[in-house]
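The chain contents come next:
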Amino acid sequence: MGSMDSEPIPLRRRVGPTLFRRPSTLGIAFAELLWWQSLTPTLMPRSAAAQGAIGGISIAVGFGIGTLLWWAARPPLQRSGRMPSTKTRQRVRQALYLTAMLLTVAGIPLWMSWQNEQRDLFGLEHLALGPSVLIVPVTVLVGFIFGIIGRGAGALIRALQRWSKRRLPARIATPATVVIVFLLGGIILPDLAFSRFTTWAATTFGAADQSTNPGTVQPTTSTVSAGPGSLISWDSLGVQGRDFVAGATTADKIRAFYGPDANATEPVRVYAGLRSAPDARSRAKLVVEELERTGGFDRSVLVVATSTGTGWIDPDAAGALEMLHHGDTAIASIQYSFLPSWISFLTDLDLASEAGAELFNAVSEARERRPAERRPKLIVFGLSLGSFGAEGAFVGLDANSSVANIVGRSDGALFVGAPDANPIRRQITTERDAGSPYWSPTFRDGSTVRVTTRDPNQPPPPGPWKQPRVNYVNHPSDPVVYWGMSWLWSKPGWMDAPRGYDVTDRGRWFPFVTWLQGVFDLMAGFSAPPGFGHDYQLDYVRAWADVVPPDGWTATDTTRLEQHLFPAS
């Protein structure tokens, strides 16, 4: 009969010590370091809950890094006789626990101070101490959850290592474990998770795309798609397409600003949804036919707009253009996805570029067939992921060739909130004139391309802005414009001096932590107040007036129209 020592240890007795064992001293030190760094501000103000989540994840990652380093350092320390004594390690641990308490007491007021300075830049109310204390329980909860997940993963890897050593020769057991972990953790499981995620997203957002938002009704004017005589059915447009065509500015709204006797025309809006035609090229061809039907090529301004991931065209952008030109405009767009932009960025990035190129090429070719004196001004437009797609028809080998493509084939371009992934924007930023800031680069003295912000003190480039004009509009605080994977290992360019007018000087770069803060900035950027983050509502009138101004239009007219459209701003 075997001894008690040979009996297998119950699972619950093995799991408990593995998941809840005391953290290593070095793990505690790194956790405190990363947590302290997580308090620093970045681009967007944070709530206490968001800070707690960032802090908790930072603590878990710090524990993991410190534990891994200790695991690697312990054997050579033991072999060399330099292993700190148990008493020394206990004293260091006690000092670290005391440090953690002091950091918490000092950190929350300091975080509040930094956040309130940042909130002043955004015109937001200050944080109160009471709600800010929520940081502590959220940090503990999130850190505990992610810590358990990390320890569970580590336990599985150790179990796999033991399994390999029992069944394989010693010299190949460890390499085999590394290969298996890489295949499972780096390829198989992520692919499986990504596949299930995309299936869920397609089902969920595909169903939403077939809905109609409350208050949106089929148009009764023939100048928009899905109206009388349209080649495109209402049901095929998708939820964002229906909102777009149904929301065209009315002549009455135009006269409300310019006066009852003013010239006012019902604007043209044409749009082809995913179900309107089978592919991007067919949808682009259908849009051209719609432009012919609605008289879009007879308007003074024709805008080729690439939508965001869901098929959305910002109504503030479309409305500002139509008001600016008394409705004598046409806007054309096609849908390439129904997924939110952050998902489309992962799955449909090529589709955005393809859609932008197909639409512009089709509209441009049709316009070129008309006599020169009867051609409308052809303008390129894209917001956020839509700007990535809108650049698709013009990307060259460098900034000079790309800009030449834009001005050679269009009468101007407006790119708003362009992400870091945009190839032409990257070219312009990389090849900017010496001395110009990362967040507002000057390219070739600003003669053709300008990056404009809401900074009232932003000095204009030295040279005149010639037509056609290319206008990149961004807020220095917009995380969509600047966030990228490179934040993991290098300082982001927006931290260079001088920083943008709505960006705090308190932020500093730290590996991983700054990248993690940026992820939360992305989520906060979409709910920022107008004029900050990724909300460009207040920028469109000025931006359109820069790119395609009506005859005789002045800066005073711009201010009047902005105040009319957004009186509370």
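Residues numbered from 1 in each chain as written. Predicted model: local features only at pLDDT ≥ 70, side-chain atom pairs only at ≥ 80, totals over all residues. Heavy atoms only, no water.

Peer 1: Hey, could you run me through the nonpolar core in this one?
Peer 2: As a rule of thumb, soluble globular proteins bury nonpolar side chains together. Counting residues in hydrophobic clusters, the biggest one holds 102 residues, and the most contacted among them are L291, V303, V363, F381, Y472, Y540 and W544. Counting residues per element, this core draws most heavily on helix α13 (residues 349–368), at 8 residues. With sequence-adjacent residues up to four places away left out, W544 is seen in contact with V303, A317, A320, L321, L324, I379, F381, L414 and P549. Counting 10 residues, the second largest nonpolar core, distinct from the first, contains L39, L103, W111 and I135. (Core = buried A, V, L, I, M, F, W, Y, C linked by side-chain atoms within 4.5 Å. Buried < 20%, exposed > 50% of the residue type's maximum accessible area, 1.4 Å probe, protein only. Helix = DSSP H or I, 4+ residues; strand = E, 2+ residues; numbered from the N terminus. Contact = heavy atoms within 4.5 Å.)

Peer 1: Sorry if this is basic, but what is going on with the packing of helix α9 (residues 251–258) against helix α11 (residues 315–324) here?
Peer 2: A pair of packed helices is captured by two measures, namely the crossing angle of their axes and the spacing between those axes. Their axes nearest at 10 Å, the elements α9 and α11 cross at an angle of 60°. Judged by the inter-axis angle, α9 sits oblique to α11. Where α9 crosses over α11, the handedness of that crossing is right-handed. Within the contact between the two elements, α9 uses K253, I254, F257 and Y258 and α11 uses E322, M323 and L324. Partitioned by chemical class, the residues of the contact of α9 with α11 number 5 nonpolar, no polar and 2 charged. (Axes fitted to C-alpha atoms, helices over the stretch in contact; angles between N-to-C directions. Parallel < 35°, antiparallel > 145°, perpendicular 65-115°, else oblique. Left-handed = near helix turned anticlockwise from the far one by under 90°. Nonpolar A, V, L, I, M, F, W, Y, C, P; charged D, E, K, R; others polar.)

Peer 1: Looking at this model, I keep getting lost on the pattern of salt bridges. Mind explaining?
Peer 2: When charged atoms on two side chains of opposite charge get close, those side chains can pair. On inspection of all chains with the given rule, the structure shows 16 salt bridges. Between D252 and R255 there is a salt bridge, with the nearest N and O atoms lying 3.8 Å from each other. Taken together, the residues D252 and R255, both in helix α9 and 3 residues apart, mark about one turn of the helix. In this structure D252 comes out as exposed when scored by relative accessible area, which is 60%. Residue classification places R255 among the partly exposed residues on the basis of a relative accessible area of 29%. Salt-bridge contacts for R370 lead to D298; the nearest nitrogen and oxygen are separated by 2.5 Å. Taken together, the residues R370 in the loop between α13 and β4 (377–383) and D298 in the loop between α10 (280–294) and β2 (301–306) connect sequence positions 72 residues apart. Classification of D298 by relative accessible area gives exposed; the value is 52%. (Salt bridge = Lys/Arg side-chain N within 4 Å of Asp/Glu carboxyl O.)

Peer 1: I tried to follow the packing of aromatic side chains on my own but got confused; where do I start?
Peer 2: The geometry of an aromatic ring pair is captured by the separation of the ring centres together with the interplanar angle, meaning the angle of the planes. Counted according to the given criterion, the structure contains 13 aromatic pairs. Judged by centre distance (5.4 Å) and plane angle (35°), the rings of F381 and W544 are tilted. Taken together, the positions of F381 in strand β4 and W544 in helix α19 (residues 540–547) put the pair 163 residues apart, joining distant regions of the chain. Overall, the relative accessible area of 3% leaves F381 in the buried class. Accessibility expressed as a relative area gives 1% for W544, which makes it buried. These aromatic residues form a ring-pair network of at least three members: F381, Y540 and W544. If you follow R242 out to its NZ or CZ, it ends over the ring of W234, 6.0 Å from the centre. (Phe/Tyr/Trp six-rings, centres within 6.5 Å; stacked < 30°, edge-to-face > 60°. Lys NZ or Arg CZ within 6 Å of the ring centre and 35° of its normal.)

Peer 1: Is there a simple way to explain the packing of α11 against α19 in this structure?
Peer 2: Taken N-terminus to C-terminus, the directions of α11 and α19 make an angle of 55°; their axes are 9 Å apart at the nearest point. In terms of their interaxial angle, α11 and α19 are classed as oblique. Here the hand of the crossing between α11 and α19 comes out right-handed. Where α11 approaches α19, its residues D316, A317, A320, L321 and L324 are matched on the opposing element by Y540, V541, W544 and A545. Considered class by class, the residues forming the contact of α11 with α19 number 8 nonpolar, no polar and 1 charged.

Peer 1: Would you explain the pairing of β4 in this entry?
Peer 2: Side chains on a regular strand alternate between the two faces of the sheet. For β4, a buried count of 6 out of 7 residues is recorded, marking the element as mostly surrounded by other parts of the structure. Pairing geometry for β4 and strand β5 (residues 412–416), over 4 bridges, is parallel. Directly across from F381, in β5, lies its bridge partner L414. (Pairing = 2+ DSSP bridges.)

Peer 1: I'm lost on the sheet that holds strand β6 (residues 449–452) in this one. Help?
Peer 2: Whenever strands of a sheet pair, they do so through backbone hydrogen bonds, lying parallel or antiparallel. The strand order across the open sheet built from 7 strands is β1-β3-β2-β4-β5-β7-β6, with neighbouring strands paired in parallel fashion. The open sheet has two free edges, formed respectively by β1 (268–272) and β6, since each of these has just one partner strand. Across this sheet, the average inter-strand angle for adjacent strands is 15°, counted without regard to direction. Bridge analysis of β6 against strand β7 (residues 469–473) gives 4 bridges, and the strand direction is parallel. Looking at β7, one finds that V451 is bridged to Y472.

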